[in-house]
Protein chains: 2
Amino acid sequence: MTLTNDNIKTILQGVKVIGFDADDTLWVNETYYREAEEHFAVVMAPYVSEDISLPTLTKTEIKNLGIYGYGAKSMTLSMLETAISLSNNQVKASEIEKIIKIGRALLNKPVTLLDGVKPVLQKLKGEYTIILITKGDLIDQERKLKKSGLDQCFEHIEIVSEKTENQYLKLLDLIHSKPEEFMMVGNSLKSDIIPVLKLGGWGIHIPFHTTWVHEETNENPYQWDRFFKMDNLSELLNVFFGN
Amino acid sequence: MTLTNDNIKTILQGVKVIGFDADDTLWVNETYYREAEEHFAVVMAPYVSEDISLPTLTKTEIKNLGIYGYGAKSMTLSMLETAISLSNNQVKASEIEKIIKIGRALLNKPVTLLDGVKPVLQKLKGEYTIILITKGDLIDQERKLKKSGLDQCFEHIEIVSEKTENQYLKLLDLIHSKPEEFMMVGNSLKSDIIPVLKLGGWGIHIPFHTTWVHEETNENPYQWDRFFKMDNLSELLNVFFGN
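Residues numbered from 1 in each chain as written. Chains lettered and ligands numbered in written order. Predicted model: local features only at pLDDT ≥ 70, side-chain atom pairs only at ≥ 80, totals over all residues.

J.: For the overall build of chain A, give the residues involved together with the corresponding values.
T.: Scanning chain A from terminus to terminus reveals 10 helices and 6 strands. Taken over C-alpha atoms, the radius of gyration comes to 20 Å for chain A, in line with the 18 Å a tight globule of 243 residues would show. Its C-alpha atoms give chain A principal-axis dimensions of about 65 × 35 × 30 Å. Burial status across chain A gives 39% buried among its 243 residues. (Helix = DSSP H or I, 4+ residues; strand = E, 2+ residues; numbered from the N terminus. Rg over C-alpha atoms; globule rule 2.2 N^0.38 Å. Buried ≥ 20, exposed ≤ 12 C-beta atoms within 10 Å, placed from the backbone.)

Listed below in structure tokens is the structure:
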């Protein structure tokens, strides 16, 4: 959908609640996970090359999502499982220790806000109900939120294990809102945008430069005219307040 | 506080929302963690005795709570850290694998409801707003809730990283309730009862036969007359509906 003065007005009338994804929408995340993968490949180098260790790790992580969920602890356990298997049980205690440290480092990373985050949230906050909806590990997402300094921007914060249509519906019910009043902003078409569009809500996709393979989708968001794509968060202010 | 017909009536008038803890209040949990510890001690037996491995593990787990949080994944990472350290980096890949499996087994345990849970929840459900407030790992608590078959009993489910006064206040705010209308039922004085009593709410303590050392508290709940202790959940029906 192309933004014109007309449709901006339509949106302004309908939308009351704006939901934001956190990782790679408000702050850098995937970049750190890619770095961690590279460090894992270095630990595994005595046994297998990166061409083997990295795809095997990704496969193990996706296989374990159902039991471990998202986040650094889950990734650590998947790295360890991969290391034991790819080394044919030869991996040393010192290498196991290094892998545990790679995971721990992820949990201690600084939180780097993406461009425009603070002013955009502050401007929208006065006019709309602003909520945060993030997927992942409870304690880690809480830590990042605290470090971000953004916790006061949100009227409600929801940390979920998966972002499904059902989860969005439950959340909207909780805050006494409806899909047509709800706009979701995020970097993942699969988690942030498509389920909300399917429910009848609005979706603003702001891609991050890297996407985890598991977050990829074949669905075309342009089949919905409540879908918009933007280069950065600041463009959001144009939609809501004009230029 | 001794239950009499008079104070039962007082409670009935005031309480509108009843919150339930999950682990060791609705279903068995700590028992499985104790079993896991025993299995860990067996893996560690070639290096150190149980007298060393178990207290060291507990110490490591408590040290790591801030970064890893609660739950089986956190415990697994703490077991691995303890194993590397207590074996002086001699622990073998096959032993690491066994430890990972101990943690994974925790995530696959059946959910065994404690006595009276289903009838109590079903009876209360019609008359009060029943919510679940549980601490721990997001995906694991969701799994247990699903396996329990109890998810339809609750109007709201909140999974938190810590049960503090502030967390209870936020939750009450979300569901538009006040501490004096709120009663919390749980096995942990520290997490379920004391913070709620401090806020002005009601607390019903139903001890489980085993409590993790980190959940112990020195505060005396009897200083509040909104505190009750019960042997099992069925006694709750006496409070609300009489004999």
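J.: Lay out the sheet that holds strand 3 (residues 156-160) of chain B with the relevant residues and their values.
T.: All names here are of chain B. Reading across the sheet, the 6 strands line up as 3-2-1-4-5-6 and stay open at both edges, with parallel pairing between neighbours. Both edges of this open sheet fall to strand 3 and strand 6 (227-229), since each of them pairs with a single strand only. Ignoring strand direction, the axes of neighbouring strands in this sheet form an average angle of 20 degrees. Pairing of strand 1 (residues 17-20) with strand 2 (residues 129-135) involves 4 bridges; the strand directions are parallel. Paired with Ile18 across the two strands is Ile130, which belongs to strand 2. On top of the sheet, helix 9 (residues 189-199) reaches strand 2, strand 4 (182-186), strand 5 (202-205) and strand 6; it is set at about 160 degrees to strand 4, its chief contact. (Pairing = 2+ DSSP bridges. Axes fitted to C-alpha atoms, helices over the stretch in contact; angles between N-to-C directions. Contact = placed C-beta atoms within 7 Å.)

J.: For helix 2 (residues 30-44) of chain A, give the residues involved together with the corresponding values.
T.: Residues and elements named next belong to chain A. For helix 2, built from 15 residues, the straight-helix expectation of 21 Å at 1.5 Å per residue is met to within 8% by its first-to-last C-alpha distance of 21 Å. Restricting attention to buried positions, one finds in helix 2 the residues Ala36, Phe40, Val43 and Met44. Considered in projection along helix 2, the buried side chains sweep an arc of 90 degrees and stay on one side of the axis. The exposed set on the far side of helix 2, more than 90 degrees from its buried face, consists of Arg34, Glu38 and Val42. Contacts made by the buried residues of helix 2 are with helix 3 (50-68), helix 4 (72-86) and helix 5 (93-106). (Expected span 1.5 Å × (residues − 1). Arc of directions from axis to C-beta.)

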